[in-house]
Amino acid sequence: SCGMSVKLPALAVLALAACASAVNPNLKWVSVWSLEAGPLAQTTGWTNMLFTSPAPDEIRAYYTATGKPSLLNVFWTLFDGVTIRPDVQQRWAALLSGTLRPLISEGAAFGVFLGDEICWQCISYENLTYAVDLVRADLPRGQAIIYYNEAFPIFTNDVCGSMQGPTVNYTKVPDGLDWISVDYYPDEGTIEGARAIFEKLLYPKMAAHQGALFVPPTYGTIANTTDQLCCNNVTRDGPNPPCHGNCTAAMLQWARASYDWARTDPRIVGLTPWHWDTFPVPQNFYVGLSSMAPLLELWKSIGKEIIDGTQRDV
């Protein structure tokens, strides 16, 4: 984070003061992947939407518990495997009239989440754009938010499926989108590398009306993969700070650095870390934020500041 206790040159002190008082007026949204897994009592006061749930009952339960509307996950309505559904227009019309419009009219929803890493799954850019345009035609800009998450190799290498996969030809973020996010973790790169991807590769493909969200890591893992997955020192960006087998320590560093970046970058509208729930079988990445008490307390502080609009140093 911005704060330090050692003596610093005058210019550094001024820089820290600016960082500590930084407020990004566009930074308003905070959630966690799979937050709907609950319990809802743990999510109140520091998150202000769900976005990964396709279940209207979960959207309504979150709204009842928090008073905050959510985005409905509509991926499975639009896509089947790696292609658009052949009956997508009928499926979308049915979901819109039977589920989404009632949720919006109740105040429980304010738009849709189209899905995760859509082009990285080798769904074509043309099918992505078709889906965006289909949804946008019924949900005009200003009346609802349309959001999806993409994987970083789409922007660094323009390939899908693997770093040697087919070319995507991702020319720009589809005009109909309001928000796009990219996930990036310490097994892949550094927080500085994440920011470089956004500034050099993502933002030039975005229109002025579009906002970005960042998906930082909030996970733990099995002991013998901690240094590899939580603080890898051989990434495409160079080394992460060492964590000596302490994944929570690494996640705390990423949380503070992600927040410091987000509150100084006006293109960032939200933070949606991955992930909330802990998987029942130990495996790589299996521990979620809900089981990492010190990290959860930090994210609660970050979330409250984002929602309150205070954005102080943490």
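Just so it is clear, the model here is predicted, and its values are computed rather than measured.

Visitor: Quick question: what am I supposed to make of the nonpolar core here?
Guide: Counting 98 residues, the largest nonpolar core has Leu78, Trp92, Leu114, Tyr170 and Leu202 as its most contacted members. Examining the composition of this core, we find that nine residues originate from one element, helix α9 (residues 247-262), more than from any other. Dropping the residues within four chain positions of it, Leu114 is found in contact with Val74, Phe75, Leu78, Phe79, Val132, Val135, Ile146, Tyr147, Tyr148 and Leu177.

Visitor: Teacher, can you tell me more about the confidence of the model for the protein here?
Guide: Should pLDDT be low for a region, the predicted coordinates there are not to be read in detail. Residue-level pLDDT values for the protein average 93, and 93% of them are 70 or greater. Overall, residues 3-18 carries pLDDT values under 50, and its contacts beyond four positions in sequence, including any with other chains, amount to five contacts.

Visitor: How should I be thinking about the pattern of salt bridges in this particular structure?
Guide: A pair can form between side chains of opposite charge whenever their charged atoms are brought close. Scanning the model with the defined rule gives nine salt bridges in all. As a salt-bridge pair, Arg263 and Asp260 come within 2.9 Å of each other at their nearest N and O atoms. Via salt bridges that share partners, Arg136, Arg141 and Asp178 belong to a single interconnected network.

Visitor: How should I be thinking about the side chain of Ser53 in this particular structure?
Guide: Of note, Ser53 is situated in the loop between β1 (29-30) and α2 (56-66). We classify Ser53 as buried; its relative accessible area is 0%. Reaching out from Ser53, the side chain makes a polar contact with the backbone nitrogen of Ala55 at a distance of 3.1 Å. Residues in contact with Ser53, not counting those within four places in the same chain, are Glu36, Glu58, Ile59, Leu71, Leu72 and Asn73.

About the criteria used
Residues numbered from 1 in each chain as written. Predicted model: local features only at pLDDT ≥ 70, side-chain atom pairs only at ≥ 80, totals over all residues. Heavy atoms only, no water. Core = buried A, V, L, I, M, F, W, Y, C linked by side-chain atoms within 4.5 Å. Buried < 20%, exposed > 50% of the residue type's maximum accessible area, 1.4 Å probe, protein only. Helix = DSSP H or I, 4+ residues; strand = E, 2+ residues; numbered from the N terminus. Contact = heavy atoms within 4.5 Å. pLDDT = per-residue confidence, 0-100. Salt bridge = Lys/Arg side-chain N within 4 Å of Asp/Glu carboxyl O. Polar contact = N/O pair within 3.5 Å; in protein donor to acceptor, adjacent residues only side chain to side chain.

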